[in-house]
Amino acid sequence: MTIKTIDKKTIYTYLEEINDPEVPALSIIDLGIVRNVRMNADELEVVITPTYTGCPAMDMIATTIKIQLATLGFKKIKITQVLSPAWTTEWMSEEGKRKLKEYGIAPPNHKQQVCDQKLFAAAEAVQCPHCNSYDTHRISEFGSTACKALYQCDDCKEPFDYFKCH
Amino acid sequence: MNQVLIDYTLHLADNSLILGQRNAEWCGHGPVLEQDIAITNISLDLIGQARNFYQYAAILIGNDATEDSLAYLRKEAEFKNCLLVEQPKGDWAQTILRQFFFSQYQYLLFQQMQNSKDEQLAAIAEKSLKEVTYHLRWSSEWVIRLGDGTDESHNRILKAIDELWQYTGELFEASSYELQVANNATGVDVSKLKEQWMTKVKEIFSEATLNMPGKTLMQTGGKEGKHTEHLASIFTELQYMQKTYPGCDW
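Source: prediction; values computed, not measured.

Engineer: Let's hear about the overall build of chain B: which residues, and what values?
Structural biologist: For chain B, the helix and strand inventory stands at eleven helices and zero strands. Seen in sequence order, chain B has helices and strands lined up from the N terminus as α-α-α-α-α-α-α-α-α-α-α. Against the compact-globule benchmark of 18 Å for 250 residues, chain B has a radius of gyration of 18 Å, which places it among compact chains. The principal-axis extents of the C-alpha atoms in chain B amount to approximately 55 × 40 × 30 Å. Among the 250 residues that make up chain B, the fraction classed as buried is 46%. Once local pairs closer than 6 in sequence are excluded, the contacts in chain B between residues at least 24 apart make up 74%.

Engineer: Please give an account of the sheet that holds strand β5 (residues 136-140) of chain A that cites residues and values.
Structural biologist: Sheets are built from strands paired through backbone hydrogen bonds, the pairs being either parallel or antiparallel. All names here are of chain A. Taken together, four strands build an open sheet; the order of strands is β4-β7-β6-β5 and the sheet is mixed. A single partner strand is all that each edge strand has here, and the edge strands are β4 (105-106) and β5. Taken together, the two bridges between β4 and strand β7 (residues 159-163) define a ladder with parallel strand orientation. Paired with Ala 106 across the two strands is Tyr 162, which belongs to β7.

Engineer: Give me the lowdown on the pairing of strand β6 (residues 148-153) of chain A, citing residues and values where you can.
Structural biologist: Residues and elements named next belong to chain A. Sheet analysis places β5 next to β6, joined by four bridges and oriented antiparallel. Note that in β6 the partner of His 137 across the bridge is Gln 152. Here five bridges tie β6 to β7, and the two strands are oriented antiparallel to one another. Directly across from Leu 150, in β7, lies its bridge partner Asp 161. Connecting β6 to the antiparallel partner β7 that follows it, the hairpin turn spans five residues, and Lys 157 within it adopts a positive phi of roughly 70 degrees.

Engineer: A description of the domain arrangement of chain A should follow, citing residues and the corresponding values.
Structural biologist: All names here are of chain A. The domains assigned to chain A are domain 1 (3-81) and domain 2 (91-163). Each side of the interface is counted separately: domain 1 has ten residues, and domain 2 has eleven residues. Grouping the amino acids of the side of domain 1 that touches domain 2 by side-chain chemistry returns five nonpolar, three polar and two charged.

Engineer: Would you mind going over the pairing of strand β1 (residues 34-40) of chain A in detail, with residue names and values included?
Structural biologist: Residues and elements named next belong to chain A. Two elements, β1 and strand β2 (residues 43-48), share six bridges in a ladder whose sense is antiparallel. Within β2, the position partnered with Met 39 by the bridge is Leu 44. Here β1 hands over to β2 after two residues, with Ala 41 in that stretch at a positive phi of 50 degrees.

Engineer: Tell me about the nonpolar core, and name the residues and values.
Structural biologist: Grouped together as the largest cluster of nonpolar side chains are 99 residues, with contacts concentrated most on B:Ala57, B:Leu84, B:Leu97 and B:Val143. It is helix α5 (residues 92-113) of chain B that provides the largest number of residues to this core, a total of 13 residues. Of the residues that make up this core, three or more belong to each of domain 1 (3-81) and domain 2 (91-163) of chain A. Ignoring sequence-local partners within four residues, the contact set of B:Ala57 consists of B:Ile6, B:Thr9, B:Leu10, B:Ala13 and B:Leu70.

Engineer: Account for the sheet that holds β1(A), naming residues and giving values.
Structural biologist: All names here are of chain A. Read across the sheet, three strands follow the order β1-β2-β3 without closing on themselves; strand pairing throughout is mixed. The open sheet has two free edges, formed respectively by β1 and β3 (76-81), since each of these has just one partner strand. Here the strands of the sheet are splayed against their neighbours by 20 degrees on average, with no regard to which way each runs. Its contacts with the sheet put helix α3 (residues 58-70) on β2 and β3, and the angle it makes with β3 is roughly 155 degrees.

Engineer: Describe the packing of α5(B) against helix α6 (residues 119-147) of chain B, listing the residues and the values that go with them.
Structural biologist: Residues and elements named next belong to chain B. In the contact formed by α5 and α6, the axes pass within 7 Å of each other and the chain directions differ by 145 degrees. As α5 packs across α6, the resulting crossing turns out to be left-handed. When its residues are assigned to classes, the contact of α5 with α6 shows 16 nonpolar, ten polar and no charged.

What counts and what doesn't
Residues numbered from 1 in each chain as written. Chains lettered and ligands numbered in written order. Predicted model: local features only at pLDDT ≥ 70, side-chain atom pairs only at ≥ 80, totals over all residues. Helix = DSSP H or I, 4+ residues; strand = E, 2+ residues; numbered from the N terminus. Rg over C-alpha atoms; globule rule 2.2 N^0.38 Å. Buried ≥ 20, exposed ≤ 12 C-beta atoms within 10 Å, placed from the backbone. Contact = placed C-beta atoms within 7 Å. Pairing = 2+ DSSP bridges. Domains from an automatic or database assignment. Nonpolar A, V, L, I, M, F, W, Y, C, P; charged D, E, K, R; others polar. Core = buried A, V, L, I, M, F, W, Y, C linked by C-beta atoms within 7 Å. Axes fitted to C-alpha atoms, helices over the stretch in contact; angles between N-to-C directions. Left-handed = near helix turned anticlockwise from the far one by under 90°.

Here it is, written out as structure tokens:
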């Protein structure tokens, strides 16, 4: 297999093995971070977008992509970061949502009231990833990472992270 | 080299960096754990904005400029942030009120900047706006909670208004580079945001049982590099490593 014959599908398979260092249950493909892969002359370009503006994992993800794709034989790899269109949880794959839940993090709901600006709006109904109850409440809109909020289940009493709709 | 666009981009970057740094002072000191996490998350978003703007400015400047050299090696008089963001964090009321004033300003600013003729500025605005929406909602709720709370919280936010209102005028007074980028549709005419900003602040103040301040002499100069003494105290931490160990790296 020479570099010229490596197709996009193979590259994506390799990218699927790279996890988000802050949410290791998810690959960067599940998260929707990889927006495009292009072959320009002898250079491979991977276009990525950050989840949140200040996400400290982006630099590490960019480096990991370079190392991972170098094992396929690519000598020149360019990582381009784009900001527009802005990342949204709507880009997370169904497979990603399943993996998140299995990992103990409630997956994002589809876009709804939390994305609007109403003050003191009722917290979103989020399903407990442990016992599936909807009897949960939000402890804090901001959690351990920029992309998560902190919830607690009123049935099984477990606190859990919710990957908030964004 | 487009000096006006560089100045404007640095102004936007400096605003976000300095407020991000101020808010980060709460790390480990928030009134309760959840709010400690909230204010430092906001800090992270702001520093993320600053990085995007600095990276862009570095490309525009060329030569050896990097996001790090712009944040760590420029001098006080070269910083173009508004005076509001460099003021001390004060108590929780002061931090909250400042965040609310600034988020309301950024919310209106980025809504407009999404349509900038400069693609990169438009993209940064579009991306940041999603997060600023959270900051605005969170800080608005807190202004209401403090204003319409106990005597203690009400008095503290009154004191914060007394302290900070004098720095709000500068947000809407365009500097020479802001005027020029507004004229060629790459930047936003901030003077046009003032009316909407006042209406929004009045709305939240009224719910928080707070009166709008009367006519106040506004302090300005930050956008042109004339700062209060508080910016220097930020630099003693922010730029300490690079000044003590020039060129140090991780």
